[in-house]
Amino acid sequence: MDPTRAFVKDVKRVIIKVGTAVVTRTDGRLALGRLGALCEQVKELNSRGFEVILVTSGAVGVGRQRLRYRRLLNSSFADLQKPQLELDGKACAAAGQSGLMALYDALFSQLDVASSQLLVTDSEFKHPDFRMQLIQTVNSLIALRVIPVFNENDAISTRKAPYEDSSGIFWDNDSLAALLALELKADLLVLLSDVEGLYSAPPGEPHSRIIHTYIKERHQGEITFGDKSRVGRGGMTAKVKSAVYAASAGTPVVIISGFATDSIIKVLQGERIGTLFHQDAHLWALPKEVGAHEMAVSARECSRRLQSVSSEDRRKILLDIADALEANEKSIRIENEADVAAAQQAGYENSLISRLTLKPGKISSLAKSIRILADMEDPIGHVLKRTELADGLVLEKTSCPLGVLLIVFESRPDALVQIASLAIRSGNGLLLKGGKEAMRSNAILHKVITGAIPDTVGEKLIGLVTSRDEIPELLKLDDVIDLVIPRGSNKLVTQIKESTKIPVLGHADGICHVYIDKSADMDMAKRIVLDAKIDYPAACNAMETLLIHKDLLKTKGLNDLIVQLRGQGVTIYGGPRASIELDIPRAHSFHHEYNSMACTIEIVDDVHAAIDHIHRHGSAHTDCVVAKDLDVAEIFLRQVDSAAVFHNASTRFCDGARFGLGAEVGISTSRIHARGPVGVEGLLTTRWILRGSGQVVDGDKEVIYTHKNLPL
C-alpha cells in the first residue's frame with residue numbers, strides 16, 4: 001500500500017460522485033457500459049461492508065435527449081426549417097430525472113442491490129430540521145444496505161438555470177457531494193472524472209503530468225486548467241474547488257477516472273491512482289515528484305551527450321560498468337538473496353524464483369558480456385550507404401540511436417544489466433521498470449551502473465521507475481519515448497500493446513517447437529529435445545511442444561526419449577493423437593507456454609503437417625527440425641515463418657549472447673524493425689546526411705542527377 005493512501009484502511013462510509021461526462025457518451029446518450037461497471041463496483045463495496053452513497057449527474061443530459069426526440073416527433077416539416085431554440089434546462093431536468101433513476105434501479109436490480117432516490121435543492125440546506133432529517137433517512141437506508149442516490153433537483157431549483165448560476169450553499173453536484181461528505185460524516189469522497197486525475201496542465205498537452213497528492217501551497221499556482229467539461233458545469237476546476245473544501249474540513253478526497261472499470265476498488269485497496277486531497281498532506285514528507293515526462297526528457301538529453309563523446313569514451317563507460325559490477329558483487333548478491341527469500345516466503349512459482357536468482361558466476365558472466373560488447377565495432381555514425389546525387393552533392397545513410405527506450409520487465413535482474421549496457425553501446429537513453437519481486441536487486445544494480453557513468457554524460461541517462469503507477473503515464477509519452485520493449489508474461493505484453501501509441505517491440509509468448517522427422521538421428525534428437533526442455537525451462541526459447549513424425553510411433557527411439565524426459569522430471573501431455581497413441585494426459589491447449597518442466601507431444605503425418613501445426617499454434621519465436629533428410633530440413637527452414645528457425649540445433653541457441661550480439665534487450669517476433677534476438681543493431685535507426693556546395697532545386701533546372709553509388 002502506498003504510504004499516502006494508508007488512511008483507506010479506516011474508511012467505512014464512501015461518497016462517490018459521478019459526473020455528467022462519465023454518465024453520458026460524447027453524443028449525449030447514456031454510457032451504459034460505464035454505468036454498469038460503476039454499479040458492479042458499488043455492489044462489490046456494499047458486499048464488503050462499506051457504506052456507499054452515490055451523487056449522480058446526468059439528468060439534464062438524459063432529459064435533453066428525450067425532449068429533442070419528442071420535439072422532432074411533434075414538428076412539421078416547416079417547423080424543422082426554422083431555427084431551433086435551446087430547450088429549457090429545468091424542463092430537461094424534470095424529463096430526465098426519472099429516466100436516469102430508472103436506469104440505476106434496473107442496473108442495481110440485476111446485481112441484487114436496492115437503491116433509492118433523494119432529490120435536494122441548495123435552499124433546503126438552510127434549515128436545520130431538513131439537515132437532521134436527511135441524516136436520519138440516509139442512516140436508515142444504509143442500515144438496510146440500500147444505496148442512496150443523490151441529485152440536485154434542478155427542475156425546481158431557484159437557480160436561474162442549471163448550468164448558469166453558481167450561487168447558493170452548493171452550486172453543482174461536485175459541491176453537493178462535498179457538502180454531503182461533511183453532513184453525513186463520510187470517511188472518503190471519490191470524484192469520478194473523464195481523466196485519470198488532476199494534471200499540472202490540460203492532459204493533452206505534452207508537458208502535462210498527473211499530480212498524485214495535491215498540496216495547496218505547492219500546486220495552486222502551477223496548475224493550468226483547460227476548458228470546462230464538454231457537459232456539466234465546471235469540469236476539473238469545480239472538482240478541485242470541492243475537493244479542497246471537503247479535504248480542509250477533514251474528509252479525504254480522491255479524483256480518479258470514471259472510465260476505468262475498477263478504479264474505485266483500487267482506491268480502497270490503497271493503490272496510488274488519481275489525485276489525493278488530504279487535510280494533512282502539507283505535513284507529509286513527500287519526495288519531490290519527478291514526473292514521467294521529466295524523467296524521459298532527462299534520459300534524452302543525456303543520450304545526446306553520450307552520442308557526442310568519442311567512441312573510446314563510450315567504450316570506457318562500459319568497461320567501468322563491468323569493473324563496478326565485479327567490485328560490488330557481494331552487495332549485489334546480498335540484495336538478490338533478500339529478494340529471493342521474500343519471493344519464496346510469498347509463495348511465488350519456482351519458475352519465477354529461478355528467473356529472479358542471480359546464480360553463482362552470473363555477475364562475472366554479465367561483466368564478461370559487457371566487455372565483449374565494449375570491444376565490438378562502434379555502431380553509432382556508421383555509414384551504411386554513400387550516393388552521389390549530383391556533382392558535388394553527396395548523400396550518406398548513417399546509423400544512429402533510436403532515442404529513448406522504455407523497458408518493462410519481470411523477475412530477471414540480469415536483464416537490467418544487459419539492457420543498460422546495450423543502451424549505452426547504442427547511444428540510447430533508457431527508462432527501466434522491473435518487477436516488484438526484484439526491487440532490491442534492481443535498485444543496487446541501477447546504483448552500481450549509473451555510478452560508473454561520468455558527469456559529462458549524466459546518471460539520468462538510465463532512469464529506474466520504482467512505482468507501477470508511473471507506467472500508464474509513461475506509455476502516453478509518445479513525444480519523448482521512442483520504443484517500448486516489454487519482457488514478461490503474455491498478460492504484461494498484451495496490456496502494454498493495448499495501452500500505448502509508442503511502437504512496441506517484443507513477443508507475447510514463447511511457444512517453441514521441435515519437430516523430429518522420420519529421418520532423424522534419434523540419439524541427436526534426444527540430446528536436442530532434452531536440452532531444449534530442461535536446460536532452462538523458464539526461458540522463452542525453451543521447447544514447449546514436441547512434434548513427432550507418425551512413423552516413429554512405437555519405436556525404441558521414441559520410447560527411450562519419453563522415458564528420459566520423465567526421468568528428468570518433465571511432465572508430458574498429449575495432443576488429440578498423442579494422448580491416445582501414447583496413453584498420456586490430454587493437453588488443454590496447444591497454445592500454451594509452460595515455463596516449467598512440462599511439455600506437449602503431438603503426432604504429425606509429415607513435415608508439411610508439422611509446419612501447419614506450428615503456424616496455427618505457435619508464437620513465431622523459435623522452431624527446430626531434427627532430420628537427416630536435407631530436403632525435409634530445407635522445406636522446414638524456408639517455410640516456417642518464425643523469428644528463428646533451426647536445423648539439428650537446440651532452440652536454446654536463440655539468444656543474443658550466443659548469436660554474438662554481446663547481449664539482448666529481448667527477442668522480437670515483430671515483422672517490422674528488429675526480429676529475433678535484439679542486440680545493438682535492433683536499437684538503431686538511420687538518418688540521412690547530405691553534403692553539398694551551394695546547390696538549390698529551383699525546379700531541377702540546373703541539377704544533373706547522377707545517383708552514383710560511392711564506396712564506403
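Residues numbered from 1 in each chain as written. Predicted model: local features only at pLDDT ≥ 70, side-chain atom pairs only at ≥ 80, totals over all residues. Heavy atoms only, no water.

An unreviewed UniProt entry lists the protein chain under the name Delta-1-pyrroline-5-carboxylate synthase, with Elaeis guineensis var. tenera given as the organism. Among the UniProt annotations of the protein chain, the heading Function (unreviewed entry) holds the following wording: "P5CS plays a key role in proline biosynthesis, leading to osmoregulation in plants. Involved in abiotic stress tolerance." (UniProt positions renumbered as here; feature names shortened; annotations may be inferred.)

**Description of the overall build of the protein chain**
Looking only at helices and strands, the protein chain has 24 helices and 24 strands in total. Per-residue burial over the protein chain gives 54% buried out of 712 residues. Pairs at least 24 apart in sequence give 75% of the contacts found in the protein chain among residues at least 6 apart. About 32,500 Å² of surface is accessible on the protein chain, with carbon and sulfur atoms providing 52% of the total. Here the protein chain contributes 84 positively and 89 negatively charged side chains, and the mean placements of these two sets differ by 2 Å. (Helix = DSSP H or I, 4+ residues; strand = E, 2+ residues; numbered from the N terminus. Buried < 20%, exposed > 50% of the residue type's maximum accessible area, 1.4 Å probe, protein only. Contact = heavy atoms within 4.5 Å. Areas by Shrake-Rupley, 256 points an atom, 1.4 Å probe, with all protein chains shown as cover. Lys, Arg positive; Asp, Glu negative; His and termini not counted. Charge placed at Lys NZ, Arg CZ, Asp CG, Glu CD.)

**Re the packing of helix α7 (residues 173-183) against helix α9 (residues 235-248)**
Between α7 and α9, the shortest axis-to-axis distance is 8 Å and the interhelical angle comes to 15°. Here α9 runs roughly parallel to α7, going by the angle between their axes. Considering the relative orientation of α7 and α9, their crossing is right-handed. Residues Asp174, Ser175, Ala178, Leu179 and Leu182 of α7 lie in contact with α9, whose contacting residues are Gly235, Ala238, Lys239, Ser242, Tyr245 and Ala246. Of the residues assigned to the contact of α7 with α9, the class counts are 6 nonpolar, 3 polar and 2 charged. (Axes fitted to C-alpha atoms, helices over the stretch in contact; angles between N-to-C directions. Parallel < 35°, antiparallel > 145°, perpendicular 65-115°, else oblique. Left-handed = near helix turned anticlockwise from the far one by under 90°. Nonpolar A, V, L, I, M, F, W, Y, C, P; charged D, E, K, R; others polar.)

**Here we look at the nonpolar core**
Nonpolar side chains in soluble globular proteins tend to be buried together. Ranked by size, the top nonpolar core spans 50 residues in total, and within it Leu325, Ile424, Leu430, Leu432 and Ile462 carry the most contacts. With 8 residues, helix α16 (residues 413-426) is the single largest residue contributor to this core. Once residues within four sequence positions are removed from consideration, Leu325 is found in contact with Ile332, Ile363, Ile370, Val417, Leu445 and Val448. Grouped together as the second largest cluster of nonpolar side chains are 37 residues, Phe170, Ala177, Ala186 and Leu198 included. (Core = buried A, V, L, I, M, F, W, Y, C linked by side-chain atoms within 4.5 Å.)

**Section: the domain arrangement of the protein chain**
One frequently used descriptor of interface size is the decrease in accessible area upon assembly of the parts. Segmenting the protein chain into domains produces domain 1 (3-283), domain 2 (292-383 + 398-498) and domain 3 (512-664). Here the C-alpha centre of domain 3 lies 32 Å away from the C-alpha centre of domain 2. Across the contact, 10 residues belong to domain 2 and 8 residues belong to domain 3. Interface of domain 2 and domain 3: buried area, both sides summed, is about 770 Å²; carbon and sulfur atoms make up 54% of it. (Domains from an automatic or database assignment. Buried area = accessible area lost by both parts, 1.4 Å probe.)

**Quick notes on unusual backbone geometry**
One non-glycine residue with positive phi stands out, namely Ala620, at about 60°. By the element assignment, Ala620 lies in the loop between α23 (607-617) and β19 (622-626). In this structure, His707 takes a positive phi of about 45° despite not being glycine. A residue is classified by how much of its surface remains accessible, and His707, at 53% relative accessible area, is exposed.

**Thoughts on the side chain of Arg13**
When you line up the elements, Arg13 lands in strand β1 (residues 13-18). Overall, Arg13 belongs to the buried group, its relative accessible area being 12%. Among the polar contacts listed, one links the side chain of Arg13 to the side chain of Asn139, at a separation of 2.9 Å. If near-sequence neighbours (up to four positions away) are discounted, Arg13 is found in contact with Glu51, Ile53, Asn139, Ile142, Leu184, Lys185, Ala186, Asp187 and Leu188. (Polar contact = N/O pair within 3.5 Å; in protein donor to acceptor, adjacent residues only side chain to side chain.)

**Regarding the pairing of strand β12 (residues 429-433)**
With respect to burial, β12 is a largely interior element, 5 of its 5 residues being buried. Side chains of β12 alternate between two faces, with Gly429, Leu431 and Lys433 and Leu430 and Leu432 buried alike. As a crossover connection, the stretch from strand β11 (residues 404-409) through α16 into β12 is right-handed. By the bridge criterion, 3 bridges tie β12 to strand β13 (residues 462-464) in an arrangement that is parallel. Opposite Leu432, over in β13, you have Leu464 as the bridge partner. (Right-handed = clockwise from strand over helix to strand, strands pointing away. Pairing = 2+ DSSP bridges.)

**A look at the sheet that holds strand β24 (residues 705-710)**
Pairing is antiparallel across the open sheet formed by 4 strands, whose spatial order is β23-β10-β9-β24. With partners counted over all chains shown, the strands left at the sheet margins are β23 (684-691) and β24, one partner each. Shown here is a sheet whose adjacent strand axes are inclined to one another by a mean of 25°, direction ignored. For strand β9 (residues 383-390) and strand β10 (residues 393-401), the ladder comprises 6 bridges, and the chain directions are antiparallel. By the bridge assignment for β10, Val383 is matched with Thr398.

**Side note on the pattern of salt bridges**
Evaluated as defined, the whole model comprises 32 salt bridges. The salt bridge partner of Asp174 is Lys239, with a shortest N-O separation of 3.7 Å. Here Asp174 is found in helix α7, whereas its partner Lys239 is found in helix α9, with 65 residues between them in sequence. The same class applies to Asp174 and to Lys239, which are both buried. Residue Glu396 is joined to Arg691 by a salt bridge in which the shortest nitrogen-to-oxygen separation is 3.3 Å. On the criterion of sequence distance, the pair formed by Glu396 in strand β10 and Arg691 in strand β23 is long-range, its members being 295 residues apart. (Salt bridge = Lys/Arg side-chain N within 4 Å of Asp/Glu carboxyl O.)

**Thoughts on the sheet that holds strand β16 (residues 543-549)**
With respect to topology, 6 strands assemble into an open sheet ordered β17-β18-β16-β15-β19-β20, the strand pairing being parallel. Lying at the two open borders of the sheet, with one neighbouring strand each, are β17 (571-574) and β20 (644-647). The sheet shows a mean angle of 20° between the axes of neighbouring strands, taken without regard to direction. Pairing of β17 with strand β18 (residues 598-604), which is carried by 4 bridges, proceeds in the parallel orientation.

**Brief notes about helix α13 (residues 329-345)**
Here α13 is 17 residues long and its end C-alpha atoms lie 24 Å apart, about the 24 Å a rise of 1.5 Å per residue gives. Of the residues making up α13, those classed as buried are Ile332, Asn336, Asp339, Val340 and Ala343. Looking straight down α13, one finds its buried side chains confined to an arc of 100°; they lie on one side. Pointing more than 90 degrees away from the buried face of α13 are the exposed residues Lys330 and Gln345. Packed against the buried residues of α13 are α12 (311-327), α14 (350-356), α15 (362-374), α16 and α17 (439-451). (Expected span 1.5 Å × (residues − 1). Arc of directions from axis to C-beta.)

**Some words on the confidence of the model for the protein chain**
Overall, the predicted model of the protein chain reaches an average pLDDT of 88, with 93% of residues at or above 70. Note on residues 161-166: pLDDT under 50 across the span, and 14 contacts to partners over four residues away in sequence or across chains. pLDDT under 50 marks residues 228-233. Its contacts with residues more than four places away, or in other chains, come to 21 contacts. (pLDDT = per-residue confidence, 0-100.)

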